[in-house]
Amino acid sequence: MASPVGEDNWVGFVDSQLREAADLDARVNIVESFRRAVSAEPGSIKVWTAYCEYFWSLYTDCQPGSDAGWSPEEQQLGRELFSLDAALALWQQAYESVQYRLADSHKLWNRWVSLEMELLARGATEAGIRRITHLFKNRLAVPHATWDATSQMFSTFLSEYNQAAYESEMRAATHNARDAKRIYELRDPSEMKLKLAARSGDAEASKTVMLEYLDWEIRQARGKRDAVINFQICLGLFSRALTGELALDEDTWLNFVVFISTARTELKAGRSKIPANLLPNMLDVLQRAVHHVPWSGTVWARYILAAEEAGLNFTDIERIKHAATSSSQLDREGMTGVLEMYAAWCGYLKRTAMNPNTTEEAVDIAEVGLPSAIEDVKHWGKRRYGDTYQGDPNFRLEKILIQFLTEKKDNTEAARQEWESLAAIDLYANSYDFWLNWFLWEMVVFTASKNKTRSPTPATLANGLRVPSYATRVFQRALKVRTLDWPERIMEVFIQHCNDYELADTLREAQDTVYKTKKGVTKRREREAAQAAAAQAEYAAQYRDQTMVDAPDAGTDSAASPGSKRKREESPSGEDDKAGKRAKSEAPNGVETKRDRENTSVFVAGLPPDATQTKVRQFFREYGHVNQIDIQRLADSVVALVEFRAPDEARSALLRDGKIFGENTVQVTSATDCTLYVTNYPPEADDAYIRKLFKGCGKIHSIRFPSLKYNTMRRFCYLTFRDRASAAAAIKLDGKSLEGGKFKLSAKLSDPGMKQQRQGAQAEARELHVSYLPRQTTDDDLRQLFARTGRVASVRIPRDMAGRAKGSAFIVMETKEEAQEAIKTLDKVVFANHALKVELSKPLGQKLTATSHGVGGAASPEGESLAEAASPSSAPGSSNPSHAEISARTIAVLGIPDTMNDARVRAILDPIGPIVKLVLHPKHGGVIVEFTDASTAGKAALVIDKVEVDDGKKLRVGTVPELFRTEGETRVDRIDKPAAGTQDKEKKKLSAAELMPPPPNIRRMPLGRAGPKRGLGFVAAKKEKEGVNGASGPPAGAGKSNADFKKMFLGGGQGKEEAKERKAEETKG
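The text that follows walks through the structure, step by step, so that each part is easy to find. (Residues numbered from 1 in each chain as written. Predicted model: local features only at pLDDT ≥ 70, side-chain atom pairs only at ≥ 80, totals over all residues. Heavy atoms only, no water.)

Of note, Glu-739 is a non-glycine position whose phi angle comes to about 55°, a positive value. Along the chain, the position of Glu-739 falls in the loop between β10 (737-738) and β11 (743-744). Judged by relative accessible area, Glu-739 falls into the partly exposed class, the value being 48%. Positioned with a positive phi, Ala-832 is a non-glycine residue whose angle comes to about 55°. Tracing the backbone shows Ala-832 in the loop between β16 (830-831) and β17 (834-835). (Helix = DSSP H or I, 4+ residues; strand = E, 2+ residues; numbered from the N terminus. Buried < 20%, exposed > 50% of the residue type's maximum accessible area, 1.4 Å probe, protein only.)

Here is the structure:
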């Protein structure tokens, strides 16, 4: 059975044995388990206290007259095994292990000294008084949080047992404790921060404060003053962190390992005053580390290296390697951990084999072990990634094998064959770094060979001299790879190499090869530049499209003056608030797979107050894959809702019902039929409203509102009860009238399988939306145009009430493939002097923003942001406010949760003063508010700042540009994977152009004139290439007005003439 990990698991493990202990042998086994526990967690107060208390109970149970039920034989043997001296020595050992845990070591020490004083009270002796006096003096000389309480205990003890020496003893103890008090005062601010973070219940805040505290403590330990005690305090703080909230934090373990390693280095070099006996054993530290973070290849690599440095034999180090490969978590973060561990293992084999005093057996082991390790890594990668895995980009293991074959076995042909096999893999063949490494190896082999000769350059009679032909062939092969990421660098080194070492004919052939290759590379770079320019131009076109004025639409705002034109609502970020964009993470075609939370979740009740997501996940790790854990901490209980990947896993998790979690017995029940889908409630309803509405039905575990980032029209929530009976009672409220019959509540059991999928041409990705059409375009014109790409099912041109076309159309193709072909062929095609925009039709009903209007003043026009309106109405009573007036009365409120709709925001802002217009931007986590006058806006800025909303989030006031520079909150409701889209980005295969390093900064002065130098492979930048350098992109400042765009399009040639005139004037000057 695997050993437990963490202090809570160890205590639970021993506690489960304790329940079954019925005889002396079982009790001895429990003591042995406690010894293993304190060895695994030597800095844990919880483990040490449990151990000492149990041992003390054994001491008392085996005494004559005890009612523990031991037989006389067991009592006699128990008095020999569990003597008083052994029990007190164990308490002292425990205290010495944790005494420098400043904040909580008093818990163990107070219990120990109370037992000592109980023994003294039974029969006071001079020796007993001296012993306890000595304990108090030593304790007072150690920095700790409860120094004053300890001093008061000592005072009480002296008053009772040694009144004559009271003053002298107290004076001496206080004098000796001056340094201890000074040292603790330096750490008191950090200790206070830790207390406040723990009291707030914010685990992340506690971790952050602890990490800052550790960094500060490490700096103190490196100082010269109080070096020894600072080092011990630093060890004590690491004990607190690594048995507490950072027990499973890889970086903290590595920080601890490096701290100990650095101390050993300093001690070995004679630069440290730390006694050697204070340094923890590195192997013990690393053994604990790999148990806590078995997925860390870096920690396993340090463990193997430390074992080699400590002189362990091959069998012991191989056992460490096997322990790493047997861990199911080594590849949790991908192949990085696997490669790091195997690199350490192969490095050990190579160093052992290449030792001048090594044995033939070690050489044979390396000869077999190195290729075997490479094969193991390949199998591991294939198992995890399939055929897409090509190997380690840095080919670390292969380099070690090549070095071994070259230097130890003197088998350059076998080593060269390894290079050849790597060159057959695209991952390496496309990398200039691989070819340079191979070239350098060939040059080392060439230089190390016998009968070395001088370079033929600049001698003319070079025939007959030995040349590094293998190195030359490496470059010749590299330049044949069309997808090489940095061919310019290879060509540069190739020419230099041939010039230094090769014969004249080879140099000439190399120059020919480089010349022809440069031509191909130049074309390739031009293609890549054209692709980049096209992408930039497309972006610029989209930007222009979004800032151009649309035709008047039938759906004008009622608040606008009659007959006034309306622009599309536009934000500086380029959002289209009219139709609502589809979420980027959504697949445009088909339906995304939904999580079946309702049937894959269980409730875990009776958890201890210190239960965390990590502990709960470990509790269920053998029963399935955990997607999410929602822990709710109430005054009387701690309950977690644990979501698994599949219903079968959730059912198997029910087997944990009645098991021990920490010190508590937990109840695990199914969460099926406990969640309701609730809608048709008032828009202003929040968490408190929903809880009040359903409070009579039973205990509510959580309320989950949807994100409004991609559709502000969503108004529903998921209400999860603690049991089915409560959910059944809540369903009875379905159809209840709210607010005098204005709303009819809908409350039904949530069932993802009941969701109806969209049907029709739009859902099947066959409907196209065509923009920027000439207004005189007819249905027949569009049928003829789109018939080129496939069969047209229908054509619809929207028209206004006067029968005029709006400049757009909807085309339905017969198949999805024909629709895609139409987009590919006709998007951006010029039709009747109009560049068309062809895209898939998007579903209505999704809005990225929500706009509401009030009274008191005319709102800024729909087509412009509130801060950029060019001709809106004026302040109250005026119909034409200036830009400055609109800006003065407009503010942006930031920090709005993406689950809060505009009605709830308005409920917060309405009491401040009358609102003209409010635009909610969930994607940016804020709202733009236009008040009736500047004074109301100023008052709002003072009142709103620091107002708390959901989960204690604070609002703040900012500017409109600041709002659009802000990204809204990113909520990840899963603990098993990063935010959506991250993995896709990681898996995306980059092109050679994206992987290409920047060209070398080489410049040479051309003959005949001054100017920038040109080097090999240098491609001069084109001066006026639109789109490449962002010339056609959006301006750095605010967007151009409609008049600017009109002037730009109508006067395209005017700018050139002005430029020529300016150049002529400069020439004259």
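Still more ground to cover, so stick around.
Checked against the element boundaries, Thr-936 lands in helix α34 (residues 934-944). Polar side-chain contacts of Thr-936 include one of 2.7 Å to the side chain of Asp-933. When neighbours within four sequence positions are excluded, Thr-936 is seen to be in contact with Ile-912, Gly-913 and Phe-931. (Polar contact = N/O pair within 3.5 Å; in protein donor to acceptor, adjacent residues only side chain to side chain. Contact = heavy atoms within 4.5 Å.)

This part is about the pairing of strand β19 (residues 850-853). Burial along β19 is one-sided: the face carrying Ala-850 and Ser-852 is buried and the face carrying Thr-851 and His-853 is not. Examined bridge by bridge, β19 and strand β21 (residues 915-921) share four bridges and lie antiparallel to one another. Looking at β21, one finds that Ala-850 is bridged to Leu-920. (Pairing = 2+ DSSP bridges.)

Let's shift gears to the sheet that holds strand β22 (residues 926-931). Reading across the sheet, the five strands line up as β19-β21-β22-β20-β23 and stay open at both edges, with antiparallel pairing between neighbours. Pairing within the sheet leaves two strands with one partner each, and these edge strands are β19 and β23 (956-958). Direction aside, the axes of adjacent strands within the sheet are offset by 20° on average. In terms of strand pairing, strand β20 (residues 890-894) meets β22 through five bridges, oriented antiparallel. In the sheet register, Leu-894 faces β22, and the bridge partner there is Gly-926. Where α34 meets the sheet, its contacts fall on β20, β22 and β23, and the angle it forms with β20 comes to roughly 15°. (Axes fitted to C-alpha atoms, helices over the stretch in contact; angles between N-to-C directions.)

Under the 1.5 Å per step criterion, the end-to-end length of helix α5 (residues 84-98) is 22 Å for 15 residues, consistent within 8% with the ideal 21 Å. Every buried residue of α5 is accounted for by Ala-87, Leu-88, Leu-90, Trp-91, Ala-94, Tyr-95 and Val-98. An end-on view of α5 places all buried positions within 150° of arc, on one side of the element. (Expected span 1.5 Å × (residues − 1). Arc of directions from axis to C-beta.)

With that settled, consider the sheet that holds strand β6 (residues 667-670). What the four strands build is an open sheet, ordered β2-β3-β1-β6; its pairing is antiparallel. If you trace the sheet from one side to the other, it starts and ends with β2 (626-633) and β6, each paired once. The mean inter-strand angle of the sheet, taken between neighbouring strand axes irrespective of direction, is 20°. The pairing of β2 with strand β3 (residues 638-644) spans seven bridges and is classified as antiparallel. Each residue of the ladder has a partner; that of Asp-630, found in β3, is Leu-641.

Now for the packing of aromatic side chains. The geometry of an aromatic ring pair is captured by the separation of the ring centres together with the interplanar angle, meaning the angle of the planes. Across all of its chains, the model carries 39 aromatic pairs by this definition. Summarising the aromatic geometry, the rings of Tyr-432 and Trp-486 are spaced 4.9 Å apart at their centres and angled 80° between planes, so their arrangement reads as edge-to-face. In this pair, Tyr-432 sits in helix α22 (residues 432-448) while Trp-486 sits in the loop between α23 (469-478) and α24 (487-501), placing the two residues 54 residues apart along the sequence. The class for Trp-486 is buried, based on a relative accessible area of 10%. For the pair Phe-620 and Phe-644, a centre-to-centre distance of 5.6 Å together with 85° between the ring planes defines the contact as edge-to-face. (Phe/Tyr/Trp six-rings, centres within 6.5 Å; stacked < 30°, edge-to-face > 60°.)

Most of strand β7 (residues 675-679) sits inside the fold, with four of its five residues counted as buried. When β7 meets strand β9 (residues 716-721), the two strands line up antiparallel, connected through five bridges. Within the sheet, the bridge partner assigned to Val-678 lies in β9 and is Cys-717. One ladder, built from four bridges, connects β7 with strand β12 (residues 746-749); its direction is antiparallel. Bridge pairing in β12 links Tyr-677 to Lys-748.

For the structure on display, the rule yields 42 salt bridges. Across the pair Asp-392 and Arg-396 runs a salt bridge whose closest N-O atoms are separated by 2.8 Å. We classify Asp-392 as buried; its relative accessible area is 5%. Taken together, the shared-partner salt bridges connect Asp-8, Lys-46, Asp-610 and Lys-615 into one network. (Salt bridge = Lys/Arg side-chain N within 4 Å of Asp/Glu carboxyl O.)

On to the packing of helix α10 (residues 178-200) against helix α12 (residues 227-242). Between α10 and α12, the least distance of the axes is 12 Å, while the angle of their chain directions is 15°. The orientation of α10 relative to α12 falls into the category roughly parallel. For the pair α10 and α12, the crossing hand works out as right-handed. For the pair α10 and α12, the contacting residues are Ile-183, Arg-187, Glu-191 and Leu-194 in the first and Ile-229, Asn-230, Ile-233 and Arg-240 in the second. For the contact of α10 with α12, the per-class residue count stands at four nonpolar, one polar and three charged. (Parallel < 35°, antiparallel > 145°, perpendicular 65-115°, else oblique. Left-handed = near helix turned anticlockwise from the far one by under 90°. Nonpolar A, V, L, I, M, F, W, Y, C, P; charged D, E, K, R; others polar.)

Ranked by size, the top nonpolar core spans 161 residues in total, and within it Trp-48, Phe-259, Tyr-342, Trp-345, Phe-434, Trp-435 and Ile-490 carry the most contacts. A total of eleven residues in this core trace back to one element, the largest contributor, which is helix α17 (residues 336-354). The next biggest cluster of nonpolar side chains, apart from the first, holds 22 residues, and it includes Val-770, Leu-782, Ala-809 and Ile-823. (Core = buried A, V, L, I, M, F, W, Y, C linked by side-chain atoms within 4.5 Å.)

A word on the packing of helix α1 (residues 7-18) against helix α2 (residues 24-40). Axis separation between α1 and α2 bottoms out at 10 Å; the angle between their running directions is 180°. Classed by the angle they form, the pair α1 and α2 counts as roughly antiparallel. Taken together, the residues of α2 that come into contact with α1 (itself represented by Trp-10, Phe-13, Val-14, Gln-17 and Leu-18) are Ile-30, Ser-33, Phe-34, Arg-36, Ala-37 and Ala-40.

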